[in-house]
Amino acid sequence: MVRVNPGVLNEAPEKAGWSYDGIVAYSKICTHVGCPVALYEQHTHHLLCPCHQSTFDLADHCKVVFGPAARPLPQLPIAVDAEGYLIAQSDFLEPVGPTFWDMRK
Amino acid sequence: MTSQVQEPKTAVGKTANYFDERLGLGGFTKFFARKVFPDHWSFMLGEVAMWSFVVVIITGTWLTFFYQPSMAHTYYDGSYAPLKGAEMTVAYASSLDISFDIRGGLIMRQMHHWGALIFVAAVGLHMLRVFFTGAFRKPRELNWVVGFLLFIMAMAAGFTGYSLPDDLLSGNGLRIIDGMIKGIPLIGPAISSGLFGGEFPGTEVIARLYALHIMIVPAIMIVLIGIHLMMLVIHKHTHYSGPGRTDQNVVGYPLMPVYVAKAGGFFFLVFGVIAGIAALFTINPIWNYGPYDPSPVSAGTQPDWYIGWLDGALRLAPSNWDVSVFGYMLPFGVLIPLVVSLVFLALVAVYPFIEKWVTKDDREHHVLDRPRNAPTRTAIGAAGVMFYAVLWAGASTDLIAIYFQMSLNHVLVAMQILLLIGPVIAYWVTKRACLALQRKDREIVLHGRETGRVVRLPHGEYIEVHEPLDKYELWKLVDFKDYEPIMPRPNEKGKITVAARLRSALSKIYFEDRIAPVSKAEYELAHSEHPQEIAAEETMPRRKTKAKEISK
Ligand code: HEM
Ligand code: FES
């Protein structure tokens, strides 16, 4: 998929090397039925999808903590290049967006 | 007596004769002009639906002159300053032009949208009327199905139309549909890329929705409405019970001139009300939402009301439930709402057949039921309404939480619980209420209405005078059909089939608690036992005159 907004601040990144200095990147497309997960609550570090209120915990690999979604938001591994720009280390390693039938094939 | 052919003398008469001789319209007119329609406010709901559909067609046709279903990119150059220069699709730009730069465009858009909302509401209420009065019984089962299809098409028309302006809200609605379609096992991803012409949002979908919205869906609807009304003419309209009203006749006013005048005038009322609402209350201010862009979304968004229950179903779905079968994914969070809503709709569609199977009643019914006289049906309807209402409210969990300053999570869990137990409570309460009302009716029929007037008889006894009912009221209270539970009977082979057992079990649920209508014998007995109490005519001359009037 193409449209992804990286760069939401995070306190405790677990997958070492996927983030840079507390900066993590996740797919913004809800894994429920695809709305943009647009609302971020700073003190709980939760991301909320306004469509059906699926809530993802940014500190915990965007696991679903509430709502009808089932999969965590896929993470984009990022790094910083020699000139100080954030770059993606690779593509998403998980399919982004809603779950569909043959996504694992 | 010799019959003589009268030559028409007036201009109108000659014209009419001209057409009659060539087209044979005379018999046709005679047939329709004398069609009888009974009068009751609840029969008006279908008419509201029909006329608002006409309003929607008229305004929609007007909109097609100016709307452009293209997803090509353009920069806005109209007179709405805040969006000047913004990048958007041609579809959105043309909807803005309709709203701001084309004379009368905004009122047309507003009337089209309000008309659509009112149309679906009227269809829904009309359906409820038909359900709760048992108007779907033989011979009208098929017309119920046609009406049901119209209800589905109304939602389809609304949804495809809602997406056309290609604003932020409608784009998000499409995104949700895309996600749901994708979740369907096996065929979902293919349907999605077929509809969108590739990956969402693509560049095709608006044009496809447009074809659906202005051609296919309205054409199907017009055909269905035609069939619906034709069946109405064939079956004749139902009526409520009253003296002289039976399952063999229909009592009401003729189409010509009474109903034509009433209904024709009514069109202008509906048109006027829709125009008034459209002029006074803004609906779908697309200029506030901005063009569709997949990344922003506004909180507290809502679909049009008739889609709300489906959105609610999505929200109330269980959390965290993707299942992998042989490596294929089944997103139950999406599939459960989908299946539940389809099952709900299917039950609505086939209800007449279920009830007929349970009652084994093969007679024709042209006299409507008062809802209380079919307690189980009414209770089932109430449970269905409750189920729908909770799903509908479910689409507003976020707004409810904000408005009442509650935790969103608590609101949602409360809704989930309510979805399961709400219909059960509604069923039980409604059934009890119906039985209580029937009991009250029996009481009134047998003993008359309490007047609160206490009279002392010559020998010193005090009694309260009960007024007898007039014929019309009496008829209303005693004229209904009542069924007894069916026992499972062996078939020709002497076996009691599973179906027979199921039927008897359902029949028991339906009719175990029943209040029989007052029979003639009971009525006469009651009236001879307490002559002074009910024979209020002697003590109440007022009543006597009324009774005389009626017997005339
Ligand atoms: C022959 C019948 C119809 C035609 C030709 C028609 C045409 C149109 C057109 C051209 C638009 C886009 C213009 C705009 O929104 O600015 C539109 C929008 C819409 N239509 Fe229809 N329509 C028809 C029937 C219906 C019906 C039966 C419904 C609903 C039950 C409906 C609901 C809508 C809605 C909700 C919109 C969005 C309007 C807005 O955003 O303000 N239409 N229709
Ligand atoms: S699309 Fe995000 S919760 Fe439904």
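All residue numbers refer to positions counted from 1 along the written sequence of the respective chain. Both sets of labels track the order of writing: A upward for chains, 1 upward for ligands. Whole-chain, interface and lining totals are the exception, using all residues; otherwise, since this is a predicted model, local features are given only for residues with pLDDT of at least 70 and side-chain atom pairs are given and counted only at 80 or more. Side-chain metrics in this entry use all non-hydrogen atoms of the structure; hydrogen atoms and water are not considered.

**Let's talk about the sheet that holds strand 6 (residues 63–66) of chain A**
All names here are of chain A. Pairing between strands is defined by DSSP: at least two bridges between the two strands are required. For the purposes of this entry, the term helix denotes a DSSP run of H or I that reaches at least four residues, the term strand denotes a run of E that reaches at least two, and both are numbered from the N terminus. The antiparallel open sheet is built from four strands, whose spatial order is 3-4-5-6. Either end of the sheet is taken by a strand with one partner, and the two such strands are strand 3 (39–41) and strand 6. Neighbour to neighbour, the strand axes of the sheet diverge by 35 degrees on average, direction disregarded. Both strand 4 (residues 46–48) and strand 5 (residues 55–57) contribute to a ladder of three bridges, which runs antiparallel. If you follow Leu47 over to strand 5, its bridge partner there is Phe56. A fitted line through C-alpha atoms represents every axis, and for helices the fit uses only the stretch in contact; the resulting angles, taken between N-to-C directions, go from 0 to 180 degrees.

**Some words on the side chain of Ser170(B)**
Mapping Ser170(B) onto the fold places it in helix 7 (residues 168–183). Aside from chain neighbours lying at most four places away, what touches Ser170(B) is Tyr162(B), Ser163(B) and Pro165(B). Throughout, a residue-residue contact means that at least one pair of heavy atoms, one from each residue, lies within 4.5 Å.

**As for the environment of Pro8(B)**
In this fold, Pro8(B) is placed in the segment before helix 1 (11–23). Between the alpha carbons of Pro8(B) and Leu83(B) there is a distance of 67 Å; along the sequence they are 75 residues apart.

**Let's talk about helix 8 (residues 188–196) of chain B**
Residues and elements named next belong to chain B. Relative accessibility thresholds used throughout: buried, under 20% of the residue-type maximum; exposed, over 50%; partly exposed, between the two (1.4 Å probe, protein chains only). Three or more residues of helix 8 are buried, namely Gly188, Pro189, Ser192 and Phe196. What you see down the axis of helix 8 is that its buried residues fit within an arc of 95 degrees, all on one side. One or two residues past the end of helix 8 sits Gly197, with phi positive at roughly 65 degrees. The directions from the helix axis to the C-beta atoms form the arc being described.

**Description of the interface of chain A and chain B**
Counting from both sides, the interface comprises 31 residues of chain A and, opposite them, 41 residues of chain B. Of the roughly 3000 Å² buried where chain A meets chain B, counting both sides, 64% is carbon and sulfur surface. Any carboxyl oxygen of Asp or Glu that lies within 4 Å of a side-chain nitrogen of Lys or Arg is treated as forming a salt bridge with it. Linking chain A to chain B there are zero salt bridges. Whenever a nitrogen or oxygen atom comes within 3.5 Å of another N or O atom, the pair is scored as a polar contact, on the condition that within protein one atom can donate a hydrogen and the other can accept it, and that pairs from neighbouring residues in sequence are kept only if both atoms are in side chains. The interface formed by chain A and chain B contains six residue pairs in polar contact (both at pLDDT 80 or more). Here's the idea: put two parts together, see how much 1.4 Å probe accessible area each one loses, and the total over both is what we call buried area.

**Side note on the domain arrangement of chain B**
Residues and elements named next belong to chain B. Domain start and stop positions are those given by an automatic or database domain assignment. What the domain assignment reports for chain B is domain 1 (25–369) and domain 2 (443–533). Here the C-alpha centroids of domain 1 and domain 2 sit 42 Å apart. Across the contact, 16 residues belong to domain 1 and 15 residues belong to domain 2. The contact between domain 1 and domain 2 buries some 1400 Å² in all, and 63% of this surface belongs to carbon and sulfur atoms. The largest share of the area that domain 1 buries against domain 2 comes from Pro243, Trp357 and Val358, three residues that together contribute 43% of it. Here domain 1 is connected to domain 2 by zero salt bridges. At the junction of domain 1 and domain 2, the tally comes to three residue pairs in polar contact (both at pLDDT 80 or more). All residues other than Ala, Val, Leu, Ile, Met, Phe, Trp, Tyr, Cys, Pro, Asp, Glu, Lys and Arg, Gly among them, are scored as polar; the first ten of these are nonpolar and the last four charged. Split into classes, the residues belonging to the side of domain 1 that touches domain 2 amount to five nonpolar, five polar and six charged.

**Some thoughts on the pattern of salt bridges**
Residues and elements named next belong to chain B. Scanning the model with the defined rule gives 20 salt bridges over all chains in all. For Asp178, the salt bridge identified is with Lys182, shortest N-O distance 3.0 Å. Here Asp178 pairs with Lys182, and both are found in helix 7, just four residues apart, close to one helical turn. According to the relative accessible area criterion, Asp178 is buried, its value standing at 0%. A salt bridge links Lys356 to Asp362; its shortest N-O distance comes to 2.8 Å. Linked by salt bridges that have partners in common, Arg137, Glu355, Asp369 and Arg377 make up one network.

**Considering the coordination of the iron atom of ligand 1**
Residues and elements named next belong to chain B. Protein coordination of the iron atom of ligand 1 is provided by His112 (NE2) and His213 (NE2), with donor distances spanning 1.9 Å. Only nitrogen, oxygen and sulfur atoms qualify as donors, and only when within 2.8 Å of the metal (3.2 Å in the case of Na, K and Ca); with water excluded, sites may look incomplete. Tetrahedral means four donors with every angle between 85 and 135 degrees, whereas square planar (four donors) and octahedral (six donors) require angles over 155 degrees between opposite donors and between 65 and 115 for all others; sites fitting neither are termed irregular. Coordination at the iron atom of ligand 1 is octahedral, judged from the six donor atoms that bind it and the angles of 86 to 179 degrees they form at the metal. In this pair, His112 sits in helix 5 (residues 105–132) while His213 sits in helix 9 (residues 205–235), placing the two residues 101 residues apart along the sequence. The residues His112 and His213 share a single accessibility class, namely buried.

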